[in-house]
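Spelled out, the chains give:
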Amino acid sequence: MSAAGTVRGPLVLIAGAGEYPLRLARILSDQGEAPFIAALEGAADPAAFGDADVRSYRLGQLGSLLGELRRRCVSDIVMLGSLPRPSFGALRPEASTLQYLPYFARAFRGGDDHLLRGVVRFFEEQGFRVHGPADIAPELTAPRGPLGRKPATAKQQALLEHGFSLLAALSPFDIGQAAILADHRVVAVEAAEGTDAMIKRVADLVARGRLKIGKGDGVLVKAPKKGQDLRVDMPAIGPDTLRNIAEAGLSGIGLRAGEVLVGDRAALGRQADQLGLFIEGSA
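Reference entry: report on the structure contained in this document. In every chain, residue numbers begin from 1 and rise along the written sequence. Reporting of local features is limited, given that this is a predicted model, to residues whose pLDDT is at least 70; pairs of side-chain atoms are given and counted only at 80 or more, and all residues count toward the totals for whole chains, interfaces and linings. Only hydrogens and water are removed before side-chain values are computed, so all heavy atoms of the structure are retained for them.

Points about the overall build of the protein chain
Then, in step 1: A tally of regular secondary structure across the protein chain gives 9 helices and 11 strands.
Then, in step 2: Scaling as 2.2 N^0.38, a compact globule of 283 residues should have a C-alpha radius of gyration of about 19 Å, and the protein chain matches this with 20 Å.
Then, in step 3: Contacts between residues were defined by any pair of non-hydrogen atoms, one from each residue, lying within 4.5 Å. Summarising the internal contacts of the protein chain: among those between residues at least 6 apart in sequence, 74% fall at separations of at least 24.
Then, in step 4: To measure how exposed things are, a 1.4 Å probe is used in the Shrake-Rupley method; for residues, cover is taken only from the protein chains shown. Just so you have it, the protein chain exposes about 13200 Å², and 52% of that area is on carbon and sulfur atoms. Helix numbering and strand numbering both begin at the N terminus, where a helix is a DSSP run of H or I of at least 4 residues and a strand a DSSP run of E of at least 2. Throughout, the radius of gyration refers to the C-alpha atoms, and the reference size of a globule is 2.2 Å times the residue count to the power 0.38.

Right under this line is the structure:
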């Protein structure tokens, strides 16, 4: 049964890159569940899952994956991990996948949100139930309140709320999921480069004297876009994010509670304490 209370059957974890698929697999294993893991070639390393039931698939092997899921009577899917947006021409479809190409050709005609919604809709039309990682393992997401010992000050809270309002206003444009604010203004918005690269861009501005961030000022905000399908596109931070914001001279991070992946909450909280940062989950 998922955290949301929905009864589910055998589960497949379609795994991309990063620590989160591995962490979810461990959580499920600790709960006595042994999901089938479909590791996406070029993103997830099958060997990293140890003794789990894992098999590697190219994106062009969708037909083979569907056939395997039906053979196993799998009805429930969770997708987790990063995957660079492929080009439609690079799919290299096998024969059993050719029948689905018109569907995916339509899905590719749009931004990332449009593509991911198309992927979810495809699996649902094939009779599968698609679950979000937060439904399966809510402990992977940011809780409400501080993760470490240091809470955000009232001034920092006001800056965070301004940042969340900014991200909400930018949602229709399907760009980034994060922004950096300092000195009562927006200094960076995430685009195609990703959150960590945006932080490094700000660090470079500080290093070159183009931007000054005072002590206790400067925050990163991260939240999903309005209407974003969190089953397949949940924002995430990790240890590298904290190291990068510390190097950039920022004071902390604000996250939407339950809507941003943080992985090991306790470890991230300890790291924030060591770096003198705050991590705050907001409703």
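What about the nonpolar core?
Then, in step 1: In this description, a nonpolar core means a group of buried Ala, Val, Leu, Ile, Met, Phe, Trp, Tyr and Cys residues linked to one another through side-chain atoms lying within 4.5 Å. Here the term buried applies to any residue with accessible area under 20% of the maximum for its type, exposed to any over 50%, and partly exposed to those in between, with areas from a 1.4 Å probe on protein chains only. The biggest cluster of nonpolar side chains holds 26 residues, and the ones touching the most others in it are Ile180, Leu220, Leu242 and Leu255.
Then, in step 2: Secondary-structure elements contributing two or more residues to this core are strand S7 (178-182), strand S8 (185-189), helix H7 (195-207), helix H8 (239-247), strand S10 (252-256) and helix H9 (265-275).
Then, in step 3: Leave out the neighbours within four places in its chain, and Leu242 touches Ile237, Ile253, Leu268, Gln271, Ala272, Leu275, Leu277 and Ile279.
Then, in step 4: Grouped together as the second largest cluster of nonpolar side chains are 25 residues, Ala38, Leu69, Val119 and Phe123 included.

Remarks on the environment of Val120
Then, in step 1: The topology assignment puts Val120 in helix H4 (residues 112-125).
Then, in step 2: Sequence-wise, Val120 and Asp229 are 109 residues apart; in three dimensions their C-alpha atoms are separated by 8.9 Å.
Then, in step 3: When neighbours within four sequence positions are excluded, Val120 is seen to be in contact with Met79, Val130, Asp229, Arg231 and Val232.

Here's the deal with the sheet that holds S7
Then, in step 1: Pairing between two strands is assigned when DSSP locates at least 2 bridges connecting them. Pairing is mixed in the open sheet, where 6 strands are placed in the order S6-S11-S10-S9-S7-S8. Two strands bound the open sheet, and with one partner strand each, they are strand S6 (145-146) and S8.
Then, in step 2: Two elements, S10 and strand S11 (residues 278-282), share 5 bridges in a ladder whose sense is parallel. Each residue of the ladder has a partner; that of Gly252, found in S11, is Phe278.
Then, in step 3: Strands S7, S8 and strand S9 (219-222) of the sheet are contacted by H7, whose axis makes an angle of about 25 degrees with S7. A fitted line through C-alpha atoms represents every axis, and for helices the fit uses only the stretch in contact; the resulting angles, taken between N-to-C directions, go from 0 to 180 degrees.

Section: H9
Then, in step 1: Of the residues making up H9, those classed as buried are Leu268, Gly269, Gln271 and Ala272. Summarising the axial view, the buried residues of H9 lie within an arc of 160 degrees, below the 170-degree limit, and thus occupy one face.
Then, in step 2: Pairs of N or O atoms are called polar contacts if they sit within 3.5 Å, as long as, within protein, a hydrogen donor faces a hydrogen acceptor (for residues adjacent in sequence, only side-chain-to-side-chain pairs). You can read the cap of H9 off the contacts: a side-chain oxygen lies 3.2 Å from the backbone nitrogen of Ala266, and it is on Asp264.
Then, in step 3: Downstream of H9 by a residue or two, Gly276 has a phi angle that is positive, lying close to 75 degrees. Directions are taken from the helix axis to each C-beta atom, and the arc is the one they span.

Comments concerning helix H6 (residues 154-170)
Then, in step 1: By this rule the span expected of a helix is its residue count minus one, scaled by 1.5 Å. End to end, H6 covers 25 Å across 17 residues, agreeing with the expected 24 Å (1.5 Å per residue, within 8%).
Then, in step 2: Among the residues of H6, Gln156, Leu159, Leu160, Gly163, Phe164, Leu166 and Leu167 are the ones counted as buried. One side of H6 carries all its buried residues, which in axial view fall inside an arc of 155 degrees. Facing away from the buried side of H6 by over 90 degrees, the exposed positions are Ala154, Lys155 and Ala169.
Then, in step 3: Contacts from the buried residues of H6 go to S7, S8, S9, S10 and S11.

Brief notes about unusual backbone geometry
Then, in step 1: In this structure, Cys73 takes a positive phi of about 60 degrees despite not being glycine.
Then, in step 2: One can find Cys73 in the loop between helix H2 (62-71) and strand S4 (76-80).
Then, in step 3: Residue classification places Cys73 among the exposed residues on the basis of a relative accessible area of 59%.
Then, in step 4: One non-glycine residue, Asp183, lies in the positive phi region at around 55 degrees.
Then, in step 5: Relative to the helices and strands, Asp183 is located in the loop between S7 and S8.
Then, in step 6: Judged by its relative accessible area of 45%, Asp183 is partly exposed.

Quick look at the environment of Leu250
Then, in step 1: Relative to the helices and strands, Leu250 is located in the loop between H8 and S10.
Then, in step 2: Assessed through its relative accessible area of 5%, Leu250 is described here as buried.
Then, in step 3: Sequence separation between Leu250 and Arg23 is 227 residues; the distance between their C-alpha atoms is 28 Å.

A word on the side chain of Glu190
Then, in step 1: Note on placement: Glu190 falls in the loop between S8 and H7.
Then, in step 2: Only four residue types enter the charge count, namely Lys and Arg as positive and Asp and Glu as negative; His and the chain termini do not. We count a salt bridge whenever a side-chain nitrogen from Lys or Arg sits within 4 Å of a carboxyl oxygen from Asp or Glu. For the buried Glu190, no salt bridge exists, and the shortest N-O distance to an oppositely charged side chain is 4.5 Å, to Lys222.
Then, in step 3: Polar contacts involving the side chain of Glu190 include one to the side chain of Thr195, which spans 3.1 Å.

From the geometry alone we can't say anything about function, so treat these as descriptive.
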